[in-house]
Structure formats: C-alpha cells, structure tokens
Amino acid sequence: RYRFIEYFGMGGPDGSDSFQRLRDDARSRRLAGILFVLVKPSYFDLTQVGDLPTVAVQEGNAVVRIDLDTTSLLEQMLRHVKSQGRRRVSFVLTGFPERHDIIEPWLTRLLPQHGLRPEKRWMHCLDARDPSWAGNLMSLLFDRGHPERPDAIVITDDNLVAATTRALVDLSVRVPEDVTVVAHANFPWPTPSAVPVKRFGFDIREVLRRSIEVIDAMNRGARVARKIVLPAVSDNGTGRVR
C-alpha cells in the first residue's frame, strides 16, 4: 500500500530540478515523508519541505536517524576470521583519505581484542567508484617473495568485492585453502564474487521497514525514538540473510 518516489542527483537547493520537484511535492502534501539515503539532510534547508517526517540513514539532521552499526559489522567479520584459524588479516577499505586518522587507529585497537595482529602494511584503500587497482594491490600482498602474506582478507565495501576476488583468481591464490575472504554486502543483493566468501552487512529491507514504521508513527502524532541502531547480519553461504 506504499508508493515510493525516487529523487536522484540532487546537487543542492539552487538550480536542481530534482530538489525543486521534491520541494514542490512536499509543499503540496503529496508525500508522507522523506527518507534520505546517501544524501545529507543538513545539505538542505528542511524548512523548505515543511513539517514532513524525515528519516536519514547514517547522518544528518532529520527527525529520525538510522545508524548502521559498523562496529558490529567489523566484529562479526573478525570473529569469523578467527574461527577459521586465521591471524594475519588484510583490509581492503573504501577510500576515505580524510578518515585515515580515525580508521587506522580504530582497527589497530580492535584487532588485538580478537587475538589478531594489527599490521599497517596490510591495511589499504581503494576507490569504490573505480576498484580496478585491486589487481595491483593483491599482487603486492601475495607476492611469493614476501616471507609473510595475509591469510585473511576483509573487504569492507561491496563495490570492491568483484575486482578484489577476481584478482585472487588471476594470481592463483586458493580460497579458502590459502586465504579466508569475508566481504561486506547490502542484502538482499550481494555483489558478485569470483571466489567463495562469507558475507556480512545490513539488510536494506529492514532499513526500509523501520523507516516506514517511524514515518507512519510520526504522521499519527506518536512519539518516536530519534535514533535507531541496526546491527549487522550475515548470510548462510548462499548470499541470503541468516
């Protein structure tokens, strides 16, 4: 009984056709609420959309914020790695250079808590928009001239999975014999992998369900929590949420 209208490519309130359409739809009360995904609500003057219920995923000044618990995601990944008897973990991360001073110390603290070795030389970033450098990175990590190579790879962005795993095949790295691979996924649509992987991530259906619930509640005048935290989930080996 719900209809969803998508507004893409909003470059801001000035001169953006998509934003103007959103504003007009909101002012005309054609919308029950707004869910901001990959868009910061703080980028907009929300007074322009009236008193509509607003929900934002991860960040922003909407009425309700849905936080995806990335700490639980990484901890589940590391527990699985340890359960496979692995200790030398390489991270293939999304390229956020401005967050380097946050991410690296966080990983360095978290790994010993799971009995794993923190090694800066095994922590690398790729651009999710163009992960083609994954081949060079895997060649470096699994160079047989190195006395020590990773025995686990944690891929933290689903956009990096295909290129990274294809590089492992090209290098004849055996999975899971030589290395265990765990990867992020946005369920129910895991991205393709060239090798067997264990997937951990967030169920986007649950994000949508919770967003609808709070928008409906706000429209009824009910009080709602300002923040909802969703834990990570894993698959059962088939790409489906367990």
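Refer to the structure presented above.
Every value quoted in this text rests on a predicted model; they were computed, and no experiment measured them.

**Some points on the overall build of the chain**
Within the chain, the regular secondary structure consists of six helices and 10 strands. Going through the 242 residues of the chain one by one, you find that 45% of them count as buried. Residue pairs at least 24 apart in sequence account for 61% of intrachain contacts in the chain once pairs closer than 6 positions are excluded.

**Quick word on the sheet that holds strand β1 (residues 34-36)**
Taken together, the four strands give an open sheet; going across it, the order is β1-β2-β3-β9, and neighbouring strands pair in parallel fashion. Two strands in the sheet have a free side with no partner beyond their single neighbour: β1 and β9 (227-230). Sheet twist, expressed as the average angle between the axes of neighbouring strands with direction ignored, equals 20 degrees. In this structure, strand β2 (residues 54-57) lies alongside strand β3 (residues 64-68), joined through three bridges in parallel fashion. The residue bridging Val 57 from the neighbouring strand is Ile 66, located in β3.

**Side note on the pattern of salt bridges**
All told, the structure shown has 19 salt bridges when counted by the stated rule. A salt bridge links Asp 25 to Arg 30; the shortest N-O distance between them is 2.7 Å. Residue class for Asp 25 comes out buried when judged on its relative accessible area of 11%. Arg 30 sits in the exposed class, given a relative accessible area of 51%. The partner of Asp 178 in a salt bridge is Arg 174, and the shortest N-O contact between them spans 2.8 Å. When salt bridges that share partners are traced, they join Arg 117, Glu 119, Arg 121 and Glu 148 into one network.

**A few points about helix α2 (residues 70-83)**
Between the first and last C-alpha of α2 there are 20 Å, a value that for 14 residues agrees with the 20 Å anticipated at 1.5 Å per step. Listed in full, the buried residues belonging to α2 are Ser 72, Leu 73, Leu 74, Gln 76, Met 77, Leu 78, His 80 and Val 81. N-capping of α2 is provided by Asp 69, with a side-chain oxygen placed 3.3 Å from the backbone N of Thr 71. Positive backbone phi, at 80 degrees, marks Gly 85, one or two positions downstream of α2.

**Digging into the layout of surface pockets**
The computed volume of the second largest pocket comes to approximately 200 Å³. A per-class count over the lining of the second largest pocket returns four nonpolar, no polar and five charged.

**Quick word on helix α4 (residues 134-141)**
Along α4, the residues classified as buried are Ala 134, Leu 137, Met 138 and Leu 141. Down the axis of α4, the buried side of the element spans an arc of 95 degrees, and every buried residue falls inside it.

**Comments concerning the packing of α4 against helix α5 (residues 161-170)**
Two numbers describe how α4 lies on α5: the axes approach to 8 Å, and their chain directions differ by 50 degrees. What the angle tells us is that α4 and α5 run oblique. Considering the relative orientation of α4 and α5, their crossing is right-handed. In contact with Ala 134, Gly 135 and Met 138 of α4, α5 contributes Ala 163, Thr 164, Ala 167 and Leu 168. Here the residues of the contact of α4 with α5 sort into five nonpolar, two polar and no charged.

The rules behind each value
- Residues numbered from 1 in each chain as written.
- Predicted model: local features only at pLDDT ≥ 70, side-chain atom pairs only at ≥ 80, totals over all residues.
- Heavy atoms only, no water.
- Helix = DSSP H or I, 4+ residues; strand = E, 2+ residues; numbered from the N terminus.
- Buried < 20%, exposed > 50% of the residue type's maximum accessible area, 1.4 Å probe, protein only.
- Contact = heavy atoms within 4.5 Å.
- Pairing = 2+ DSSP bridges.
- Axes fitted to C-alpha atoms, helices over the stretch in contact; angles between N-to-C directions.
- Salt bridge = Lys/Arg side-chain N within 4 Å of Asp/Glu carboxyl O.
- Expected span 1.5 Å × (residues − 1).
- Polar contact = N/O pair within 3.5 Å; in protein donor to acceptor, adjacent residues only side chain to side chain.
- 1 Å grid on protein atoms, 1.4 Å probe; cavity = no way out; pocket = protein on both sides within 12 Å on 5 of 7 lines; lining within 4 Å.
- Points joined across faces, edges and corners; volume = space filled by probe spheres on them.
- Nonpolar A, V, L, I, M, F, W, Y, C, P; charged D, E, K, R; others polar.
- Arc of directions from axis to C-beta.
- Parallel < 35°, antiparallel > 145°, perpendicular 65-115°, else oblique.
- Left-handed = near helix turned anticlockwise from the far one by under 90°.

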